[in-house]
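# Structural characterization, general
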Amino acid sequence: AKEAGDAAFRNGNYQEAVDKYSDAIRDNAASGTNPKHVLLSNRSAAYAKLGNWDKSLEDALACITASPTFVKGWTRKGAALFEKGRYNDAAEAYRKALRLEPENASAKQQLARAEAMLGSSASSSSTSSSSSSSSSRTSSSMLQIPVLLLQLFAIYNAVTFVLIQGKPEARISFSRCAFAMMLATLGETVLTYGLPNMTTFRNAWKALRGTASPNDLRGMSRVAMDETTHNIFFCSLLLSATPSILFLVPLVPMTLVQASNRVKSLTRGFAWSAALDQAVLQRVGSMEPTFKRVGANSEVLIMFVLVFELFTPRRNLIVLILYVQLMRIRYLVSHNCKTAWAATSSTADKIFLHAKSPAPVQNVYNKLKQLIATYGIPKK
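A brief report on the enclosed structure follows.

Procedures and definitions
- Residues numbered from 1 in each chain as written.
- Predicted model: local features only at pLDDT ≥ 70, side-chain atom pairs only at ≥ 80, totals over all residues.
- Heavy atoms only, no water.
- Helix = DSSP H or I, 4+ residues; strand = E, 2+ residues; numbered from the N terminus.
- Rg over C-alpha atoms; globule rule 2.2 N^0.38 Å.
- Buried < 20%, exposed > 50% of the residue type's maximum accessible area, 1.4 Å probe, protein only.
- Contact = heavy atoms within 4.5 Å.
- Areas by Shrake-Rupley, 256 points an atom, 1.4 Å probe, with all protein chains shown as cover.
- Lys, Arg positive; Asp, Glu negative; His and termini not counted.
- Charge placed at Lys NZ, Arg CZ, Asp CG, Glu CD.
- Patch = residues over 30% accessible without salt bridge, like charges linked within 9 Å, V, L, I, M, F, W, Y side chains within 5 Å.
- Salt bridge = Lys/Arg side-chain N within 4 Å of Asp/Glu carboxyl O.
- Axes fitted to C-alpha atoms, helices over the stretch in contact; angles between N-to-C directions.
- Parallel < 35°, antiparallel > 145°, perpendicular 65-115°, else oblique.
- Left-handed = near helix turned anticlockwise from the far one by under 90°.

Here we take up the overall build of the chain. Scanning the chain from N- to C-terminus turns up 19 helices and zero strands. Against the globule reference of 21 Å for 380 residues, the chain gives a C-alpha radius of gyration of 23 Å, in line with a compact fold. The C-alpha extent of the chain, read off along each of the three principal axes, is 70 × 55 × 50 Å. Out of the 380 residues in the chain, the part that is buried amounts to 43%. Nonlocal contacts in the chain, meaning residues at least 24 apart in sequence, comprise 62% of its contacts between residues at least 6 apart. Summing over all exposed atoms, the chain offers an accessible surface of approximately 20,300 Å²; the carbon and sulfur share of this is 62%. Looking at the chain, you have 44 positive and 25 negative side-chain charges, and the mean spots of the two groups are 5 Å apart.

Structure (structure tokens):
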């Protein structure tokens, strides 16, 4: 299967390559014919060719877990993070690749590219390129620490909320957690894309008037379709929602991963940083694919909970409407979200389209499913 995947990849049949590498990974679990990390690396590359950066990153992280010293795993991770707009994390991945293989020309080139994007997004205008780069690094470092403190504060309040369930103070901890995550995510966005300038505001005004060109919208679209940016809106919904542990599941674990990555970046160069990385940070980072899958599944569950609450005193129609719009955008950009909804649909089919299910129930279910497919699922 691996050879078939390699052939499909060379011929440009990338979806076929993904399928063949998936077969090889499944078969390899029993036979152990090929190194697992190589198969994951190859499938990550195939996903990258398809533009599926979430799955490419997921395989890259699994590859690193299987073989932390395999350089391609780190470069695959860097490529996926770069395309997702996470330039700081991408640069860190390329640095790790270069520590393993200092003469890797591709990693050097891509690191320079990531650092250039960091410089262009965070530096103020300057006539000197060297002073601009220095300003970028300084402003980035200055914002990194407040973002990390906000993330840690959010995690602390999430834990507190779980521990004091049922007490009046629980709502305060929940609100603090949501607000801190919203500010931290806003900081993440600024670190990734930089502060908006006059061109951004002009393009936004054009977009509101309907006169913006595709080139005017390109930068704003990238920010608007970023999963991390969505969490700013998600956190704002939590401030109006009834406190629940379920609402924190899509956010808190990923906040922990981001805080872990930030600690790794800020402690680089200290004598004890390698031990901390090995003992804690790498383990947290390796959980990112699992956290994303769990988060996507919990987002689907939240939708059903909000619908169910319409029939209870806890109802909040405005939050439900806004959350539906958020999920429609998520569905467009998140592979994990699509997978979660596909699994939900498959389970519902087995229940409502079962041979013993009454015909009226099947008819109502099919009509509802068609209605959701027509009006609920966004078209690219």
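What follows deals with a nonpolar patch on the surface. A grouping of F179, L183, L186 and L239 is seen on the molecular surface, where their side chains present a nonpolar patch of about 320 Å² in accessible area. For L239, a relative accessible area of 33% translates into the label partly exposed.

A word on the side chain of E309. Topologically, E309 is positioned in the loop between helix 16 (288–308) and helix 17 (317–333). Those residues in contact with E309, other than ones at most four positions away along the chain, are R314 and R315.

The N-to-C vectors of helix 5 (residues 71–83) and helix 6 (residues 87–100) enclose an angle of 165°; their axes lie 8 Å apart at closest approach. Considered as vectors, helix 5 and helix 6 are oriented roughly antiparallel to each other. In terms of crossing hand, the pair formed by helix 5 and helix 6 is left-handed. Seen from helix 5, the contacting residues are V71, W74, T75, K77, G78, A79, L81 and F82; seen from helix 6, they are Y87, D89, A90, A93, Y94, K96, A97 and L100.

Worth remembering: the numbers are spatial, not functional.
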